[in-house]
Amino acid sequence: MRTNVNDGWSHRRKVSPFQELAGADIGDWAAVVLPHDAVLTTARHESVEGGHTNGYFAGGAFQYRRTFAVPEADRGKRILLEFDGVHRDAMVYVNDALAGQHAFGYSRFAVRIDPYLRFGAENEVRVECRTHLDSRWYAGAGIYRDVHLITKEPLHIAHDGVRVTTPDIDDERAIVEVAATVENATGLTVTTVLNVAVLDAEGVKVATGRSPVTLLPGGSGVVRRRLYVERPRLWDVDEPNLYTMRLELSDGGAVRDSERITFGIRSLQLDPRRGLRINGREVKLRGACVHSDNGPLGTAAIGRAEERRVELLKAAGFNAIRSSHNPLSSAMLAACDRAGMLVMEETFDVWTSGKTDFDYAFDFPKWWELDVEALVAKDFNHPSVIFYSIGNEVPEAGNPFGAHWGRRLAEKVRSLDETRFVTNGINGFVAALDMVLDGMRERRAAAAEAAESGGGVNTMMSDFGAVMGAIQASPPVTARTEESFAVLDVAGMNYADSRYEPDREQFPDRIIVGTETWPTSISGNWALVKANPHVIGDFTWTGWDYLGETGLGVVGYRDENGAGGGSLSTGYPGLTAWCGDIDITGHRRPVSYYREIVFGLRAAPYIAVFRPEHHGRDVAVASPWAWSDAIASWTWEGHEGKPVRVEVYSDADEIELLLDGEVVGRSKADDDDRFRTTFEVTYRPGTLTAVAHTAAGISGDCTLTTAGGDLVLRADADRALLRADTADLAFVALTLTDEAGNLHNGRDRAVTVTVSGPAVLQALGSAEPVTEETFSAREHRTFDGRALAVVRPTGAGAITVTAEAPGCPPVNLDLTAR
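Keep in mind it's a predicted model, so treat the numbers as computed, not measured.

What follows concerns the pattern of salt bridges. Inspection of the entire model under this criterion finds 64 salt bridges. Where Asp89 meets Arg130, a salt bridge forms, and the shortest distance between an N and an O atom there is 2.9 Å. Here Asp89, found in the loop between strand 5 (78-83) and strand 6 (90-94), pairs with Arg130, found in strand 9 (residues 121-131); they are 41 residues apart in sequence, far enough to count as distant.

Here it is as structure tokens:
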């Protein structure tokens, strides 16, 4: 029996009995519902060490507790607590006895607790964890993923003991092979029967099988059955058909244990001449790197939040995600299965060489095999997972000992799962850091000189991509990384598009995927992907904005005196990286539409308008991860009669721009970008329209209309009907508009949200990359006219969300939880 136990927990900062005895003021226990991020509600400070990496959250040590009533009837059963993720250094105590621990913050792990339980009585489980300078981004802390209580009879199917493969598929039938490990914890020899059935999406049995199995006392055995599904409905990115494998272990006619496994029937093929094929059809990976946080929810991996991210990324044109730089939650993998989103599941950001003071490098030598085993056990039955990535930008990849580690990791993965491909996000620049550090020091000195003459950091960063590309393709880096690439099925390359075509000749058997790329390079990169079958896809940094690495994608301008800029970090109170196609609230930024056009998925043009207050000012700093500060708006109060720069994204031959029907200009794409056409316009309120022209005629248009003088607060939920459980959420978009629905991006103000009925306000926030506001208050200021409220049901019934803002009539939104 598998039971979700996300409710009934409480948490506080960790305090030992000695500290309590000494009168330490740690605070009371606070009730929480899991998943929960313990760091998100703590205070942020400018003085936090390494604050630009984690959003200026200090971290700390935390503890959780929950009581369980265990009936006497469960005595003798195998009882486990399964944690999908605890960040990090988890210690699990049952009735004050240490029952288990886990160092890595991103692995699923199970702790056997029955030896420590009091049957027929209440039992307390306590979980302790900590975080401090252990990641290069915001990692949060706590029990931030789901927890399940698993109770099994002495004769049972092993935990994570079912593996389903589909080794042979054609149009008429598919062979589905199931391997199930059965364990006998009794003191007697037992012969039992395992019944298996494949059910389709409607719950109809499409294949069945059975097998007796004899087990000695304390022994185990693997039961294998080959089932035959006629006219299978295959799983792929466009039609993610799913099946269910039902297993029942029977003894004397009674069912002793059962499992239900969701899986898909699909085949994978890979070669340098036909690329990646799924079910025989070539697929190019339109990829997004994603971190693990959910913006205003912090790292809490609540099921609906994970599902919504996948849905919005898919709607934006992505068909693959890379779990940078750690394994995804089980909830997100299940969402990828349902949505047809391919997954590159990444193991670690570090191996033996640390990147921060207290990261996983210290634990890696002892824990890596257990964490790889946990990764594969979690992923094996998910059809969405097609790659395992064994690392990200590990410096060791540039030396023989690092290549040795890479081989150990790759072979460990293959020993556990031969059905998927192994890659590694190798950055040749990082792999040759010892070689290039001297050059970097020279460039810093040059940047300092340039700052005195008006260049600054932007002078250095403007050509950073080209410099990195030249280093990555250099003969020394080629030699250093050859073995590390050779241990892989697919050469994962971070920011190394300069290698794509040369490697075709130098390494004709090498298959490449761009595991991490500049967002500003997508048009060139995608042309390389399309032109070269050995290059199977591109993963941008990043598909979804995230907390930490503050200001990585922010554009900074000089003031009228030439001052400003000078750092890639916004400094305190910087909160987000601001480099995602989609911001932390789930709103698509202009780069997302540009990318969709480059992918060939959007015919209509898209208008992005630069903020007129910056017109004519020099850019002080803009990294290759920065797009621009343009937004889709033609409402710029106070800038009437002033110049404004307009970009139109399109794959058409020419773009015609009209203002209130009058032609402003007609032009071909910019010389350096065939998907972008730039216009200089004098701003006046009205309707701005871009019309795309091709040889065949008009291919589409896009319109922006100035918002009127009235101001309305809108509240729109992604769904009105919710499930009455802890895994569901309603995402309520709060928008300042006029009566016609045109966005007022320049009239930001505080919005107050109240929730009544069986629900709570889980979070309230905006996409503002630099702010001191929290996500836990009832009031938050909009950013560019937008904010987001997240509502979590606590039971069944009618829910009312009320939003108020100065100068706007209050708005009520009705939801229902069932």
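Moving on from the coordinates now.
For Thr706, the position within the fold is in the loop between strand 37 (697-705) and strand 38 (712-717). Exposure remark for Thr706: the relative accessible area of 15% places this residue in the buried category. From its side chain, Thr706 meets the backbone oxygen of Trp634 in a polar contact 2.7 Å long. From its side chain, Thr706 meets the backbone nitrogen of Gly686 in a polar contact 2.8 Å long.

This part is about the packing of aromatic side chains. Summed over all chains, the structure comprises 30 aromatic pairs. Taking the centre distance of 5.2 Å and the plane angle of 20° together, the rings of Phe83 and Phe109 count as stacked. You can see Phe83 sitting in strand 5 and its partner Phe109 sitting in strand 8 (residues 109-112), a full 26 residues away along the chain. Residue Phe83 is classed as buried on the basis of its relative accessible area of 0%. Residue classification places Phe109 among the buried positions, given a relative accessible area of 7%. The rings of Phe104, Tyr106, Tyr144, Phe348, Tyr360, Phe364, Trp368 and Trp405 are connected pair by pair, giving a single aromatic cluster. Its guanidinium or amino end placed over the ring of Phe380, Arg163 lies 4.7 Å from that ring's centre, counting from NZ or CZ. Cation over ring: Arg674 sits above Phe675, and NZ or CZ is 4.4 Å from the ring centre.

For the rest of this paragraph, the subject is the environment of Gly140. Tracing the chain through its elements places Gly140 in the loop between strand 9 and strand 10 (147-152). Overall, Gly140 belongs to the buried group, its relative accessible area being 5%. Between the C-alpha atom of Gly140 and that of Leu815, which follows or precedes it by 675 residues, the distance is 30 Å.

One open sheet holds the five strands; their spatial order is 39-46-45-41-43, and the pairing between them is mixed. For this open sheet the edge positions go to strand 39 (721-722) and strand 43 (779-781), each flanked by a neighbour on one side alone. Where strand 39 and strand 46 (residues 811-817) come together, two bridges link them in parallel fashion. Paired with Leu722 across the strands is Ala817, a residue of strand 46.

Before going further, it helps to examine the nonpolar core. Leu313, Ile321 and Phe348 are the most contacted members of the largest nonpolar core, which has 76 residues in total. Among residues more than four places away in sequence, those in contact with Phe348 are Phe104, His325, Tyr360, Phe364, Trp368, Asp371, Val372, Ile390, Gly391, Asn392 and Leu409. Val39, Val86, Val111 and Val147 belong to the second-largest nonpolar core, a separate cluster that totals 37 residues.

A few words on unusual backbone geometry. Note that the residue after Leu34, namely Pro35, is joined by a cis bond; omega there is -10°. Tracing the chain through its elements places Pro35 in the loop between strand 3 (30-32) and helix 2 (51-54). Unlike most non-glycine residues, Arg231 shows phi in positive territory, near 45°. Along the chain, Arg231 falls in the loop between strand 15 (220-230) and strand 16 (243-251). Even without being a glycine, Tyr495 presents a positive backbone phi close to 55°. Relative to the elements of secondary structure, Tyr495 occurs in the loop between strand 26 (491-494) and helix 12 (500-506). Residue Tyr495 is classed as buried on the basis of its relative accessible area of 3%.

Another aspect to go through is helix 14 (residues 590-598). Judged by how many residues are buried, helix 14 sits mostly within the fold: nine of nine residues are covered. Of the residues making up helix 14, those classed as buried are Pro590, Val591, Ser592, Tyr593, Tyr594, Arg595, Glu596, Ile597 and Val598. At its buried positions, helix 14 is contacted by helix 3 (303-315), helix 13 (522-531), strand 28 (535-540), strand 30 (606-609), strand 32 (643-649) and strand 35 (676-682). Trailing helix 14 by a residue or two, Gly600 shows a phi angle of about 80°, which is positive.

Burial analysis of strand 13 (residues 190-199) places eight of its ten residues in the buried class, the great majority of the element. Here strand 13 folds back onto strand 14 (residues 205-215) in antiparallel fashion, the turn holding five residues, of which Gly203 has a positive phi close to 85°. One ladder, built from seven bridges, connects strand 13 with strand 16; its direction is antiparallel. Looking at the pairing, Val198 lines up with Met245 of strand 16.

Next up on the list: helix 6 (residues 400-416). Side chains three or four residues apart in an α-helix point the same way, a direct result of the helix having 3.6 residues per turn. In a regular helix each residue adds 1.5 Å, so 17 residues correspond to 24 Å; helix 6 covers 25 Å between its end C-alpha atoms and thus fits that length. For helix 6, the set of buried residues is Gly402, Ala403, Trp405, Gly406, Leu409, Ala410, Lys412, Val413 and Arg414. The N-cap of helix 6, judged by a side-chain oxygen 3.0 Å from the amide nitrogen of Phe401 a few residues on, is Asn399.

What follows is about the packing of helix 5 (residues 364-379) against helix 6. It is the contact of helix 5 with helix 6, at a shortest axis distance of 9 Å, that shows an interaxial angle of 30°. Comparing the axis directions of helix 5 and helix 6 gives the class roughly parallel. Considering the relative orientation of helix 5 and helix 6, their crossing is right-handed. Between helix 5, through Phe364, Trp368, Glu369, Val372, Glu373 and Val376, and helix 6, the contact on the second element is made entirely by Trp405, Arg408, Leu409, Lys412, Val413 and Leu416. Of the residues in the contact of helix 5 with helix 6, the class split is eight nonpolar, no polar and four charged.

Turning our eyes to something else, we now look at the pairing of strand 44 (residues 786-793). With seven of its eight residues buried, strand 44 lies for the most part within the structure. Alignment of strand 40 (residues 730-737) against strand 44, held across six bridges, turns out to be antiparallel. Each residue of the ladder has a partner; that of Ala733, found in strand 44, is Leu788. Here strand 42 (residues 759-765) pairs with strand 44 via six bridges, running antiparallel. Paired with Leu764 across the strands is Ala789, a residue of strand 44.

Cut-offs applied
- Residues numbered from 1 in each chain as written.
- Predicted model: local features only at pLDDT ≥ 70, side-chain atom pairs only at ≥ 80, totals over all residues.
- Heavy atoms only, no water.
- Salt bridge = Lys/Arg side-chain N within 4 Å of Asp/Glu carboxyl O.
- Helix = DSSP H or I, 4+ residues; strand = E, 2+ residues; numbered from the N terminus.
- Buried < 20%, exposed > 50% of the residue type's maximum accessible area, 1.4 Å probe, protein only.
- Polar contact = N/O pair within 3.5 Å; in protein donor to acceptor, adjacent residues only side chain to side chain.
- Phe/Tyr/Trp six-rings, centres within 6.5 Å; stacked < 30°, edge-to-face > 60°.
- Lys NZ or Arg CZ within 6 Å of the ring centre and 35° of its normal.
- Pairing = 2+ DSSP bridges.
- Core = buried A, V, L, I, M, F, W, Y, C linked by side-chain atoms within 4.5 Å.
- Contact = heavy atoms within 4.5 Å.
- Expected span 1.5 Å × (residues − 1).
- Axes fitted to C-alpha atoms, helices over the stretch in contact; angles between N-to-C directions.
- Parallel < 35°, antiparallel > 145°, perpendicular 65-115°, else oblique.
- Left-handed = near helix turned anticlockwise from the far one by under 90°.
- Nonpolar A, V, L, I, M, F, W, Y, C, P; charged D, E, K, R; others polar.

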